[in-house]
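# Chains, contacts and geometry: an overview
Each chain, written out:
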Amino acid sequence: DDRNILTSVSMTLEAEGFEVETYNDGQQALDAFNRNLPDMAVLDIKMPRMDGMDLLQRLRQKTTMPVIFLTSKDDEIDEVLGLRMGADDYVRKPFSQRLLVERIRALLRRQEALNGGTIANAETEENKVLVRGELTMDPLRHAVTWKGNDVTLTVTEFLLLQALAQRPGFVKSRDQLMDVAYDDQVYVDDRTIDSHIKRLRKKMRTADNEFSAIETLYGIGYRYNEE
């Protein structure tokens, strides 16, 4: 919603070696994304013609590409809503350009790792097909099924479910889940993980309304119970 920020961020990212396309409003961005999806998107919540929330909702109907929201310092409600709607991360304004670059690099690294990275990494434990009862996860295809039904997850949601399902019955604290989903240099608070888990459950329940494999242990963390 600020041309100066748009120009400044674009110049910084290009200096860091990224190919950048900028759009002045949400509708313009959606039209461009319908023609050609980028590797990831950085969205401002407050944009003319179509705001960031509406744009994210439309994007999530067709893609799981990583998305970072830019929010105002006092927009805690927007942050929570953005995460629940499928954003992978958020950065509060005013922000350090370096911080945004690190968040973008972290998300792209996670995306690459989830997609198998290099051939040499293709047979690592994290990239093997995981089967837990009715759940099947294929990291190399970024594919999830529950009771034979496809479930579309974002990068963050996939990594959290994988971390929980790898050791059924064992509790993962929020800090442990943060380590799985985010790089060491990226700090997120507890409600970020909680929002991702809430959306993950919601998506799993689209495949099975009675899905209850992810258990909350209040004050401790989360546990995957094999069904």
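Below is a short write-up of the structure. (Residues numbered from 1 in each chain as written. Predicted model: local features only at pLDDT ≥ 70, side-chain atom pairs only at ≥ 80, totals over all residues. Heavy atoms only, no water.)

A few words on the pairing of strand S10 (residues 221-224). One ladder, built from three bridges, connects strand S8 (residues 171-173) with S10; its direction is antiparallel. Bridging across to S10, Ser 173 finds its partner in Gly 221. Here four bridges tie strand S9 (residues 214-217) to S10, and the two strands are oriented antiparallel to one another. Residue Thr 216 lies in a different strand from S10, and its bridge partner there is Tyr 222. (Pairing = 2+ DSSP bridges. Helix = DSSP H or I, 4+ residues; strand = E, 2+ residues; numbered from the N terminus.)

The next subject is the layout of surface pockets. Looking at the largest pocket, its volume works out to about 940 Å³. Forming the walls of the largest pocket are 33 residues, and the residues nearest its centre are Val 20, Glu 21, Thr 22, Met 40 and Val 42. Listing elements by their share of the lining of the largest pocket, those giving two or more residues are helix H1 (3-15), helix H2 (26-35), strand S1 (41-44) and helix H5 (97-114). Per-element accounting of the lining of the largest pocket gives the leading share, six residues, to H1. The residue makeup of the lining of the largest pocket, split by class, is 21 nonpolar, four polar and eight charged. (1 Å grid on protein atoms, 1.4 Å probe; cavity = no way out; pocket = protein on both sides within 12 Å on 5 of 7 lines; lining within 4 Å. Points joined across faces, edges and corners; volume = space filled by probe spheres on them. Nonpolar A, V, L, I, M, F, W, Y, C, P; charged D, E, K, R; others polar.)

Further remarks concern the nonpolar core. The biggest cluster of nonpolar side chains holds 27 residues, and the ones touching the most others in it are Leu 135, Trp 146, Leu 161, Ile 214 and Tyr 224. At the level of elements, strand S5 (135-138), strand S6 (143-146), helix H6 (155-165), helix H7 (174-181), helix H8 (190-207) and S10 are the ones that each hand at least two residues to this core. Looking at this core, the element that brings in the most residues is H6, giving six residues. (Core = buried A, V, L, I, M, F, W, Y, C linked by side-chain atoms within 4.5 Å. Buried < 20%, exposed > 50% of the residue type's maximum accessible area, 1.4 Å probe, protein only.)

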